[in-house]
Amino acid sequence: MLSSYWGFTSFRPGQAEIIESVVGGTDTLALLPTGGGKSLCFQVPGLLRGGVTLVLSPLISLMHDQVLGLAGRGIAAFAMTGRVDAGLLSNVRSRMSSSNSFFLYLAPERLNTRQFRWLIQGQRVGLIVVDEAHCISSWGHDFRPAYRTIQQLRENYGAPFCALTATATRRVERDIVKNLALRSPRVFRYSFDRPNIHFSVRQVVDARGEVLSWLDRERGPAIIYDSSREGVEIWAEKLRRAGISSAAYHGGLNAGFKDHVQRRWMRKKVRVMVATNAFGMGIDRPDVRLVLHVGLPDSLESYYQEAGRAGRDGRPAHAVLLVSPEARKARMALLRAGSFRQRIRANRLVRPILRYAEREMCRRWGVLGYFGENIRVPCGNCDVCGRLKREAPHH
Ligand SMILES: [Zn+2]
């Protein structure tokens, strides 16, 4: 099966058990780090179970990539994004009816549209896949209210659920199970550790000097994250002036330009991408050597996910968080603003990232502990561990 459609003969660790559980019709929640071969965990079962596999995802570019990938393997698939005219829709419906298995990708916001209901009417749904499942939790970092409507699909189609996420604390995990109303689910949790990434935090006043010296030290491709659009534009300009090839990416650019910037980055025409958190969802460039945050991220989860874009190739890479007194003050102000509920939420998200940045404790220990993963010994590959090693008495 794998070799006839995918051309390889064995699964990565963990994939086989997930696939087995999903094929067997058990509700399954898989917490897999990015790059863990997530798509295979539902594509193989979808194919084996037959009928329509609904794939709910917030990532449009990812949907298109996957549809192309499936089509390349002779598997029928369609991503319902943007405007879909009546002609295309009836074409998709007839392809759906004549295929043994069909993958339909859509954002959960589309579930309540007439188009979707018409398309799916009378079809057998074999599997419901919920990608980026942490979006269902208001405690997660990218909450999307439409995810809460996914649960209704069960009543309508009776198919099992396969939920996947690359980031989840125990609380978010419980929320996923509850809000999708998973029935005696099997939960698979794999280590989120990325041993090849060196983590460090620097308290800085002169961020420019710090950024330039990091870029000088790590000569490979880099991503610099800032929290505001203006910040991103300013940094990209500063780097260009310093003679470093860079581009800016944020939610304020129009879609065509964003595509253009992204393509240049993927084709290695740009060395440093300066971006807000709008950049990176579903973008997989394996050779990034440095991910540097010049502003404090919204949460430790977002931070770890963004930092994790370094070193996907498994070679040594750096994740650096720069904390300026102003950034810290701005985050602290968040804790006091808004309604009671907003303040509670801000506390839940902001406190852990502040703790990560300020505590003199092995960084990996801190971040993995936050995800409920306990490591016994300090990692030896972060700034705190490095300092402890230097301070240790010599024999
Ligand atoms: Zn450490």
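Residues numbered from 1 in each chain as written. Predicted model: local features only at pLDDT ≥ 70, side-chain atom pairs only at ≥ 80, totals over all residues.

### A few points about the overall build of the protein chain
This is how the line gets drawn: Each helix is a run of DSSP H or I of at least 4 residues and each strand a run of E of at least 2, with the numbering of both proceeding from the N terminus. Throughout, radius of gyration means the C-alpha value; the globule benchmark is 2.2 Å times the number of residues raised to the power 0.38. Remark: C-beta atoms are placed from the backbone, and a residue is labelled buried if 20 or more other C-beta atoms sit within 10 Å of its own, exposed if 12 or fewer do, or partly exposed between those counts.
Each helix and strand in the protein chain was counted, giving 16 helices and 13 strands. Here the C-alpha radius of gyration of the protein chain, 22 Å, is about what a compact globule of 395 residues would show, namely 21 Å. Of all 395 residues assigned to the protein chain, the portion counted as buried reaches 40%.

### A short note on helix H2 (residues 15-23)
Short version of the rule: The arc in question is the one spanned by the directions pointing from the helix axis to the C-beta atoms. Contact criterion: two residues are in contact if their C-beta atoms, reconstructed from the backbone, are within 7 Å.
Those residues of H2 not exposed but buried are Gln15, Ile18, Ile19, Ser21 and Val22. Along the axis of H2, the buried positions cluster into a sector of 165 degrees, meaning they face one direction only. Against strand S1 (28-31), helix H3 (40-49), strand S5 (125-130), strand S6 (161-165) and strand S7 (186-189) lie the buried residues of H2. Phi turns positive, to about 85 degrees, at Gly25, one or two residues after H2.

### Focus: the domain arrangement of the protein chain
Going by this rule: All the domain ranges listed were derived from an automatic or database domain assignment.
Taken domain by domain, the protein chain holds domain 1 (2-189) and domain 2 (197-391). One C-alpha centre belongs to domain 1, the other to domain 2, and the line joining them spans 30 Å.

### Concerning the sheet that holds strand S4 (residues 101-106)
Sheet strands line up and pair through hydrogen bonds in the backbone, either parallel or antiparallel. The cut-off we apply is this: Should DSSP find at least two bridges between two strands, the strands are taken to pair. In this analysis an axis means a line fitted to C-alpha atoms, helices contributing only their contacting stretch, and an angle means the value between N-to-C directions, from 0 to 180 degrees.
Pairing within the open sheet is parallel, and its seven strands lie in the order S3-S4-S2-S5-S6-S1-S7. The open sheet has two edge strands, strand S3 (77-80) and S7, and neither has a second partner. Direction aside, neighbouring strands of the sheet carry axes that sit 15 degrees apart on average. In this structure, S1 lies alongside S7, joined through four bridges in parallel fashion. Across the sheet, Leu29 pairs through a bridge with Val187, a residue of S7. Against the sheet, H3 makes contact with S1, strand S2 (51-56), S4, S5 and S6, and its axis sits at roughly 170 degrees relative to S5, the strand it touches most.

### Topic: the sheet that holds strand S8 (residues 197-203)
The sheet built from six strands is open, its strands ordered S8-S13-S12-S9-S11-S10 with parallel pairing. Two strands close off the open sheet at either side, each with one partner strand: S8 and strand S10 (246-249). The mean inter-strand angle of the sheet, taken between neighbouring strand axes irrespective of direction, is 15 degrees.

### Some thoughts on the packing of H2 against H3
Let me state the cut-off plainly: Crossing handedness is defined as follows: a turn of the near helix away from the far one that is anticlockwise and smaller than a right angle gives a left-handed crossing, while the clockwise case is right-handed. When residue character is reported, Ala, Val, Leu, Ile, Met, Phe, Trp, Tyr, Cys and Pro are called nonpolar, Asp, Glu, Lys and Arg charged, and the others, Gly included, polar.
Interhelical geometry of H2 versus H3 gives an angle of 35 degrees and a closest axis separation of 9 Å. Along this stretch, H2 crosses H3, giving a crossing that reads as right-handed. Only Leu40, Cys41, Phe42, Val44, Pro45, Leu48 and Arg49 of H3 make contact with H2, whose side of the interface consists of Gln15, Ile18, Ile19, Val22 and Val23. Tallied by class, residues from the contact of H2 with H3 come to 10 nonpolar, one polar and one charged.

### What to know about the pairing of S3
Keep this limit in mind: When the strands point away from the viewer, a crossover counts as right-handed if the route from the first strand across the helix to the second turns clockwise.
Taken together, the four bridges between S3 and S4 define a ladder with parallel strand orientation. Residue Ala77 lies in a different strand from S4, and its bridge partner there is Phe103. You can see the chain leave S3, run along helix H5 (residues 86-98) and come back into S4, and the turn it takes is right-handed.

### What to know about the environment of Val187
Within the secondary structure, Val187 sits in strand S7. When the C-alpha atoms of Val187 and Gln115 are compared, they prove to be 33 Å apart, with 72 residues separating the residues in sequence.

### Section: the environment of Ser39
For Ser39, the location among the structural elements is in the loop between S1 and H3. Looking at Ser39, the number of C-beta atoms within 10 Å reads 16, which means it is partly exposed. On a C-alpha basis, the gap between Ser39 and Glu360 in space is 38 Å, while along the polypeptide they are 321 residues apart.

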